Amino acid sequence: YRMANTIPTLKLGRDALDAGVRRFIFVSSIGVNGTETFGSPYKSSDLVAPHSPYAVSKYEAEVGLNSLFQGTDSELVILRPPLIYGVDAPGNFAIIKNLVEKGLPIPVGGISNKRSFIALDNFISLVVVCMSHPKAANKTLLISDGYDLSTSDFVRLIGLLISKKPYLVRASPKIMRFLLYLIGKNKIAQSLLGDLQIYSQDTFELLDWTPVFNPFVVLSKT
């Protein structure tokens, strides 16, 4: 992960400084803050707590960039997004999309957790704003859609985006978590059943920005 996320990022940062780049935007990860919330959303003022090698490599890149850009004429903006979703998004989104497309049962119908996501359109819009907004300079910003969804609602949203109704099956979250832990799938249990909330309202206010895509508007049409 350091070879993929830390070392190349710092090399690019040094090259950007040598080239006189005025503003450098680094896309980090909300994983730098942690993997799960318990009633209180992550805030930009929180202490970091990266728990995975991926998140650690992202945080090390943040620390290195802050050191590189400190005292220079170039500005640094660090963004910490949650899962970025869109029709052709990779990762966990692609896995869920594949299940929905194949009409396979997805046992998340009874899950009522709260997780923050960010749509690709919102992410791009925020990056564009951060390219020139004076108040974004030298800030670390937590970003999201500004709306929290349960895992079951998120699967429904994916179905709406690809025009395919998901086959949701109700299952006990406690039993699912136990079974996933039993087979060593702790991370999957956290992703499907746990909360991961982000307070990004201060980012919206700082940048005078509102989401261009509202997932609740799409879900309300069903």
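Residues numbered from 1 in each chain as written. Predicted model: local features only at pLDDT ≥ 70, side-chain atom pairs only at ≥ 80, totals over all residues. Heavy atoms only, no water.

Trainee: Outline the nonpolar core, listing residues and values.
Mentor: Ranked by internal contacts, the top residues of the largest apolar core, which has 21 residues, are Y85, F154 and L157. Where this core is concerned, the elements lending two or more residues are helix 3 (91-101), helix 5 (151-161) and helix 9 (215-219). The dominant element in this core, judged by the number of residues it contributes, is helix 5, at four residues. The contact partners of F154, leaving out residues within four places of it in the chain, are L83, Y85, F93, I96, F117 and L149. Core analysis: the second largest hydrophobic core is formed by 13 residues, C130, A136, I143 and W209 among them. (Core = buried A, V, L, I, M, F, W, Y, C linked by side-chain atoms within 4.5 Å. Buried < 20%, exposed > 50% of the residue type's maximum accessible area, 1.4 Å probe, protein only. Helix = DSSP H or I, 4+ residues; strand = E, 2+ residues; numbered from the N terminus. Contact = heavy atoms within 4.5 Å.)

Trainee: Would you mind going over a nonpolar patch on the surface in detail, with residue names and values included?
Mentor: Taken together, the side chains of I175, F178, L179, L182 and I183 define a hydrophobic patch exposed on the protein surface, amounting to about 550 Å² of accessible area. In this structure, L179 sits in helix 6 (residues 173-182). (Patch = residues over 30% accessible without salt bridge, like charges linked within 9 Å, V, L, I, M, F, W, Y side chains within 5 Å. Areas by Shrake-Rupley, 256 points an atom, 1.4 Å probe, with all protein chains shown as cover. Salt bridge = Lys/Arg side-chain N within 4 Å of Asp/Glu carboxyl O.)

Trainee: For the side chain of K58, give the residues involved together with the corresponding values.
Mentor: Secondary-structure assignment places K58 in helix 2 (residues 53-69). In this structure, K58 is buried with no salt-bridge partner, the nearest side chain bearing the opposite charge being E62 at 8.2 Å. (Lys, Arg positive; Asp, Glu negative; His and termini not counted.)

Trainee: An account of unusual backbone geometry is needed here, citing residue identities and associated values.
Mentor: The phi torsion at N138 lies on the positive side, around 60°, for a residue other than glycine. Note on placement: N138 falls in the loop between helix 4 (120-132) and strand 7 (139-142). Unusually for a residue other than glycine, S163 sits at a positive phi of about 55°. The residue S163 is located in the loop between helix 5 and strand 9 (167-168) in this model.

Trainee: Let's hear about the packing of helix 3 against helix 5: which residues, and what values?
Mentor: The contact between helix 3 and helix 5 brings their axes to 10 Å, and the two run at 70°. In terms of axis orientation, helix 3 runs roughly perpendicular to helix 5. The two elements helix 3 and helix 5 meet at a crossing, and its hand is right-handed. Residues F93, I96, K97 and V100 of helix 3 touch helix 5, and the partners they reach there are F154, V155, I158 and G159. (Axes fitted to C-alpha atoms, helices over the stretch in contact; angles between N-to-C directions. Parallel < 35°, antiparallel > 145°, perpendicular 65-115°, else oblique. Left-handed = near helix turned anticlockwise from the far one by under 90°.)

Trainee: Describe the pattern of salt bridges, listing the residues and the values that go with them.
Mentor: Evaluated as defined, the whole model comprises six salt bridges. With its nearest N and O atoms 2.7 Å apart, the salt bridge here joins R23 to E75. Placement of R23 in strand 1 (residues 23-27) and of E75 in strand 2 (residues 75-80) is noted, with a sequence separation of 52 residues between them. One salt bridge connects R80 with E62, and the closest N-O pair in it is separated by 2.8 Å. Placement of the pair is R80 in strand 2 and E62 in helix 2, with a sequence separation of 18 residues. Each member of the pair, R80 as well as E62, is classed as buried.

Trainee: Tell me about the pairing of strand 1, and name the residues and values.
Mentor: In the sheet, strand 1 pairs with strand 2 via five bridges, with the strands oriented parallel. Bridging across to strand 2, V27 finds its partner in L79. Handedness of the strand 1-helix 2-strand 2 crossover: right-handed. (Pairing = 2+ DSSP bridges. Right-handed = clockwise from strand over helix to strand, strands pointing away.)

Trainee: Describe in detail the packing of aromatic side chains, supporting the description with residues and values.
Mentor: Here the structure, examined in full by the defined rule, presents ten aromatic pairs. Ring geometry for Y1 versus Y54: centroids 6.0 Å apart, planes at 80°, classification edge-to-face. Residue Y1 is found in the segment before helix 1 (2-18), and its partner Y54 is found in helix 2; the two are separated by 53 residues along the sequence. Taking the relative accessible area as the measure of exposure, Y54 reaches 35% and is therefore partly exposed. (Phe/Tyr/Trp six-rings, centres within 6.5 Å; stacked < 30°, edge-to-face > 60°.)

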